[in-house]
Amino acid sequence: MRLDRLRLDGLRTFALVRLGLKLPALRVDSLAFRLFATSVAWTLLVLPLAGLIIYSLYRDDVQASFDVQLKKLVTAIAVDSLLSDTSTPVEPQNRYEPLFEVTHSGWYWQIRPLGNATGPVLRSASLATAALASPFELGYPEDPDTSMRWRNDVGPDGSPVRIVEFVHTPSGDGAATRYSVIVAGPLEWFDTAVATFRNRLTIALALAGLGLVALTLLQVRFVLEPVRQVERALADIRSGRAETLAGEVPAEIEPLREELNALIRSNQEIIERARTQVGNLAHALKTPLAVILNEARADRGGTGTKVAEQAEIMRNQVNHYLDRARMVASTGVIGRATAVKPVVDALARALQRLNADKGLVIEVDCDERLRFQGEKHDLEEMLGNLVDNASKWAKSRVRLTVSPVSAPHRRLAIAVEDDGPGLSEDEMQRIGKRGLRLDESKPGSGLGLSIVIELAQGYRGSFRLARSELGGLAAHLELPAV
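The rules behind each value
- Residues numbered from 1 in each chain as written.
- Predicted model: local features only at pLDDT ≥ 70, side-chain atom pairs only at ≥ 80, totals over all residues.
- Heavy atoms only, no water.
- Phe/Tyr/Trp six-rings, centres within 6.5 Å; stacked < 30°, edge-to-face > 60°.
- Helix = DSSP H or I, 4+ residues; strand = E, 2+ residues; numbered from the N terminus.
- Buried < 20%, exposed > 50% of the residue type's maximum accessible area, 1.4 Å probe, protein only.
- Pairing = 2+ DSSP bridges.
- Axes fitted to C-alpha atoms, helices over the stretch in contact; angles between N-to-C directions.
- Contact = heavy atoms within 4.5 Å.
- Core = buried A, V, L, I, M, F, W, Y, C linked by side-chain atoms within 4.5 Å.
- Salt bridge = Lys/Arg side-chain N within 4 Å of Asp/Glu carboxyl O.
- Expected span 1.5 Å × (residues − 1).

**Thoughts on the packing of aromatic side chains**
- By the definition in use, this model includes five aromatic pairs.
- With centroids separated by 6.5 Å and ring planes inclined at 20°, the aromatic side chains of Phe 66 and Phe 190 adopt a geometry described as stacked. Residue Phe 66 is located in helix H2 (residues 31-82), and its partner Phe 190 is located in helix H3 (residues 187-238); the two are separated by 124 residues in the primary sequence. Like Phe 66, the residue Phe 190 is buried in the burial classification.

Take a look at the structure:
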């Protein structure tokens with residue numbers, strides 16, 4: 001049985017896979033759960049109610065059939081025994097039921113005078129020496145439709161029986177003896193027939209219920225498949241594999257697809273306009289600043305030097321904020337995605353060659369499937385600054401690790417570690433300020449970490465410093481992932 005069950009599960013899984021169907025995860029707040037729950041609730045309500053109605057109708061039908069058989073037997077025996085030429089009852093010539101001859105078979109007949117009247121008492125061989133109580137004498141009411149009385153009693157062997165009684169009253173002579181004609185049949189037969197039907201009905205309805213539940217799961221999967229297609233199409237757009245929602249969808253989802261495509265086009269147009277405005281502003285400011293710088297440098301006096309100094313600061317600030325505006329405009333843009341593995345591999349090879357004189361080894365641990373949701377240039381700038389800084393201070397080893405973080409949002413956890421001297425807690429708090437350098441012996445402008453922090457914040461990411469397991473500094477960066 002266990003082997004058969006395993007085979008059945010395997011065949012069912014194979015069939016679902018071949019059909020491209022898989023059971024959806026039913027979250028309580030999902031449409032799939034609502035559809036499934038309402039269908040199951042309706043099934044659990046309707047099937048038991050239908051089963052109860054069918055069972056009641058069948059029980060009544062079997063009861064009526066059983067009673068009809070008893071009425072036929074009591075009528076036949078009464079006609080055969082009492083409506084003869086003799087004034088007293090006689091043995092029926094036809095036994096009508098073979099089980100009347102089997103002792104304690106459950107099928108019995110009995111004829112006897114009512115009250116204190118004297119007369120012959122006749123009974124079936126199945127009763128032996130036992131007797132059946134008269135419903136008439138016990139006060140049971142007469143059925144107006146059949147002029148008979150009914151009673152459930154216990155037979156001679158202790159088993160339940162159903163009794164029907166016909167009271168024969170001779171016509172014309174009020175003093176004539178009245179006789180009770182009784183036929184009894186086993187209720188065990190009736191109960192067995194009803195119980196067998198009930199068990200079969202329960203099994204049939206249970207199988208129907210399970211089938212309906214399974215069909216509901218497949219129906220939920222089939223009905224909601226277009227929604228999942230839209231979900232996958234949006235994921236393709238966010239990852240850069242597609243530009244618009246394409247493919248055939250049901251008529252109910254067609255307006256949603258059109259609106260989403262319109263929203264995507266509107267988003268792209270806004271981004272392009274913002275980039276154009278940033279570029280126009282850059283050209284509009286750089287040319288006057290260049291003229292001011294040239295004129296100021298031509299003036300050798302103190303005023304010219306001061307103007308040139310301030311103009312250079314202005315140019316640096318303009319470049320910085322224009323770059324930041326460009327980066328912010330591209331943050332979260334639909335379809336903007338960068339593969340991380342090629343970027344980190346290229347940086348590792350380049351910096352390892354530049355630091356070959358001290359035997360630097362840069363270890364890279366990055367899955368090829370990881371993708372950064374943003375511009376490639378920005379990722380190269382952030383990682384380049386971090387790996388370059390680690391290479392300067394490392395003794396012989398730098399480790400670059402990129403791993404996915406799924407909760408609460410898709411993120412990339414990037415760690416750049418070295419085996420250098422590291423930093424104190426106070427130095428970790430101070431470093432990262434724009435232009436601040438803790439050690440002037442190393443080349444650089446002090447802008448690297450500040451650029452990393454600003455870019456990370458622009459992408460709604462985070463940056464922090466900590467002690468590395470390698471003994472030096474560990475820079476931890478979190479960025480949005482596709």
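On we go.
**Some words on the sheet that holds strand S9 (residues 397-405)**
- Taking strand neighbours across the sheet as the criterion, the five strands line up as S7-S9-S10-S12-S11 in an open arrangement whose pairing is mixed. Whereas interior strands pair on both sides, the edge strands pair on one side only; in this sheet they are strand S7 (361-366) and strand S11 (462-467). Looking at each pair of strands side by side, their axes are set apart by 15° on average, direction ignored.
- As judged from the six bridges shared by S11 and strand S12 (residues 473-480), these two strands associate in the antiparallel manner. When the bridges of S12 are listed, Arg 467 appears paired with Leu 473.
- Across the sheet, helix H6 (residues 340-354) touches S7, S9 and strand S10 (411-418), and the angle it forms with S7 is around 175°.

**Structural notes on the nonpolar core**
- Counting residues in hydrophobic clusters, the biggest one holds 38 residues, and the most contacted among them are Val 340, Leu 477 and Leu 479.
- Counting residues per element, the ones that place at least two in this core are H6, S7, helix H7 (376-393), S9, S10, helix H9 (448-458), S11 and S12.
- Core analysis: the second largest hydrophobic core is formed by 24 residues, Tyr 55, Ile 77, Val 164 and Val 194 among them.

**Digging into the pattern of salt bridges**
- What the rule picks out here adds up to eleven salt bridges.
- Here Asp 67 and Arg 162 are joined by a salt bridge, their closest N and O atoms 2.7 Å apart. Separated by 95 residues along the polypeptide, Asp 67 in helix H2 and Arg 162 in strand S4 (residues 160-168) bring together distant segments of the chain.
- Taking relative accessible area as the criterion, Asp 67 reaches 13% and is therefore assigned buried.
- The class of Arg 162 is buried, set by a relative accessible area of 13%.
- With a closest N to O distance of 2.6 Å, Glu 137 and Arg 112 form a salt bridge. With a gap of 25 residues between them, Glu 137 in the loop between strand S2 (122-123) and strand S3 (149-154) and Arg 112 in strand S1 (residues 108-113) connect regions that are remote in the sequence.
- For Glu 137, a relative accessible area of 41% gives the class partly exposed.

**Regarding H7**
- With 18 residues, H7 should cover 26 Å at 1.5 Å per step; its first-to-last C-alpha distance of 26 Å lies within 8% of that length.
- Restricting attention to buried positions, one finds in H7 the residues Asp 378, Leu 379, Met 382, Leu 383, Gly 384, Leu 386, Val 387, Ala 390 and Ser 391.

**Concerning the pairing of S10**
- With eight of its eight residues buried, S10 lies for the most part within the structure.
- A two-sided burial pattern is seen for S10, the buried positions comprising Arg 411, Ala 413, Ala 415 and Glu 417 on one face and Leu 412, Ile 414, Val 416 and Asp 418 on the other.
- Direction of pairing for S9 relative to S10: antiparallel, over a ladder of eight bridges. The partner of Val 405 across the bridge, within S10, is Arg 411.
- In the sheet, S10 pairs with S12 via seven bridges, with the strands oriented antiparallel. For Ala 415, the partnering residue across the bridge sits in S12 and is His 476.

**Looking at the environment of Arg 34**
- Within the secondary structure, Arg 34 sits in helix H2.
- On a C-alpha basis, the gap between Arg 34 and Val 220 in space is 9.7 Å, while along the polypeptide they are 186 residues apart.

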